[in-house]
Amino acid sequence: GAGVSQTPSNKVTEKGKYVELRCDPISGHTALYWYRQSLGQGPEFLIYFQGTGAADDSGLPNDRFFAVRPEGSVSTLKIQRTERGDSAVYLCASSLNPGQIGEQYFGPGTRLTVT
Amino acid sequence: AQRVTQPEKLLSVFKGAPVELKCNYSYSGSPELFWYVQYSRQRLQLLLRHISRESIKGFTADLNKGETSFHLKKPFAQEEDSAMYYCALSGLETSGSRLTFGEGTQLTVNP
C-alpha cells in the first residue's frame, strides 16, 4: 500500500520567506510526527499529533514554527520568517497507534534550503 | 532527559567480517530501543526493536540495561548492508512514543 508521502521533495527559499511543508500519512494512522534532520545529525523530534490535536509540541525550536492537522490526516508544517539555520531535511512519520511504541513509518522527507 | 550516543560516525569492514555498531543510551524510565536503517536514496525504516527479540537480515541487538547499551551485531557483513544506521529510544513515559535518535553510523562494507 501507499506509504507516507511528503511534498515538496525539495524547497529552496530566501531568508525571511514563509514556507509550508506537507505530510500525507498512511491511511488510518492516528499518530503523526514531525522530525528535523540537520546535516550529519540524527532526526530530532519537533511535534506529535494524536488525531487533530498537537499532543506534544515541545520540540518546536521557536514560535516561527507551527504545524496543523485539521482533519486528522494530512499535516502541514509552517515556518515563518525562515532563517539559514532552518535548512534541513524535514521528516514526517505516522503510526497506527502511539501505544505501539516505535512502529513509526517515515516519509521520504522534504529538503529545505534557505538562501 | 533521554539521550542516545553512537560513538562511531563511520565504520568500514570487509565483506564476511563481523560488524558491531555501538549504541549507548540515557533514560530514567523503562526504555524501548530500536535500530533504524537508511539505505542510499531510500527512506528511514525500522530494522529491529529489542522487545521483538528477532533477527532481521542477520542482525541482532541485545539490550544491556546494566551498561545502558544496545549494540547492533552481524557475524558476516554483506555489501548490501552498507547504509546509515540510527539507534533510537522511546519509552512508556515518553509522550506519544516519540523517538530520540543518535547521530548515526555510516557503515561501509567493502568487497
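For the structure, see preceding data.
Below you will find a few notes about this structure.

Reading the values: rules and limits
- Residues numbered from 1 in each chain as written.
- Chains lettered and ligands numbered in written order.
- Predicted model: local features only at pLDDT ≥ 70, side-chain atom pairs only at ≥ 80, totals over all residues.
- Heavy atoms only, no water.
- Helix = DSSP H or I, 4+ residues; strand = E, 2+ residues; numbered from the N terminus.
- Rg over C-alpha atoms; globule rule 2.2 N^0.38 Å.
- Buried < 20%, exposed > 50% of the residue type's maximum accessible area, 1.4 Å probe, protein only.
- Contact = heavy atoms within 4.5 Å.
- Areas by Shrake-Rupley, 256 points an atom, 1.4 Å probe, with all protein chains shown as cover.
- Lys, Arg positive; Asp, Glu negative; His and termini not counted.
- Charge placed at Lys NZ, Arg CZ, Asp CG, Glu CD.
- Core = buried A, V, L, I, M, F, W, Y, C linked by side-chain atoms within 4.5 Å.
- Salt bridge = Lys/Arg side-chain N within 4 Å of Asp/Glu carboxyl O.
- Disulfide = S-S within 2.5 Å.
- Phe/Tyr/Trp six-rings, centres within 6.5 Å; stacked < 30°, edge-to-face > 60°.

### Re the overall build of chain B
Then comes step 1: A tally of helices and strands in chain B yields zero helices and eleven strands.
Then comes step 2: When the elements of chain B are put in sequence order from the N terminus, they spell out β-β-β-β-β-β-β-β-β-β-β.
Then comes step 3: Relative to the globule expectation of 13 Å for 111 residues, the C-alpha radius of gyration of chain B, 14 Å, shows essentially globular dimensions.
Then comes step 4: With respect to the principal axes defined by its C-alpha atoms, chain B has extents near 45 × 30 × 25 Å.
Then comes step 5: Looking at chain B residue by residue over its 111 residues, the buried ones come to 46%.
Then comes step 6: Across chain B, every contact between residues at least 6 apart in sequence was considered, and the portion connecting residues at least 24 apart equals 60%.
Then comes step 7: Split by element, the accessible area of chain B, about 5600 Å² in all, is 49% carbon and sulfur.
Then comes step 8: A distance of 4 Å separates the average location of the 13 positive side-chain charges in chain B from that of its 11 negative side-chain charges.

### As for the nonpolar core
Then comes step 1: If you look at the biggest cluster of nonpolar residues, it comprises 25 residues, and the most contacted ones within it are B:W35, B:L72 and B:Y85.
Then comes step 2: Elements with a minimum of two residues in this core: β2 (10–14), β3 (19–21), β5 (31–38), β6 (45–49), β9 (83–91) and β11 (105–110) of chain B.
Then comes step 3: The biggest single contributor to this core is β9(B), with four residues.
Then comes step 4: Membership of the second largest hydrophobic core comes to 19 residues, among which are A:L21, A:L32, A:F49 and A:F65.

### Side note on the pattern of salt bridges
Then comes step 1: Following the criterion strictly, the structure yields eight salt bridges over all chains and no others.
Then comes step 2: For B:R98, the salt bridge goes to A:D56, with nearest N and O atoms at 3.1 Å. Placement of B:R98 in the loop between β9 and β10 (100–101) and of A:D56 in strand β6 (residues 53–56) is noted, with the two residues assigned to different chains.
Then comes step 3: With a relative accessible area of 9%, A:D56 lands in the buried category.

### Some points on the state of the cysteines
Then comes step 1: According to the stated counting rule, one finds two disulfides over all chains in the structure shown.
Then comes step 2: Covalently, A:C23 is tied to A:C92 through a disulfide, its sulfur atoms 1.8 Å apart. Judged by the sign of its S-S torsion, about -65°, the bond between A:C23 and A:C92 is left-handed. With A:C23 in strand β3 (residues 19–24) and A:C92 in strand β9 (residues 88–95), this residue pair connects regions lying 69 residues apart in the sequence.
Then comes step 3: A residue is classified by how much of its surface remains accessible, and A:C23, at 0% relative accessible area, is buried.
Then comes step 4: Between the sulfur atoms of B:C23 and its disulfide partner B:C87 the distance amounts to 2.0 Å. Sign of the S-S torsion, about -65° for the bond between B:C23 and B:C87, identifies this disulfide as left-handed. Here B:C23 is found in the loop between β3 and β4 (24–26), whereas its partner B:C87 is found in strand β9, with 64 residues between them in sequence.

### Focus: the packing of aromatic side chains
Residues and elements named next belong to chain B.
Then comes step 1: Evaluated as defined, the whole model comprises eleven aromatic pairs over all chains.
Then comes step 2: Measuring from centroid to centroid gives 6.3 Å for Y86 and F101, while their planes differ by 90°, and the two rings are edge-to-face. A residue pair is termed long-range when its members are at least 10 positions apart, and Y86 in strand β9 and F101 in strand β10 qualify at 15 residues. Of the two residues examined, Y86 and F101, each falls in the buried class.

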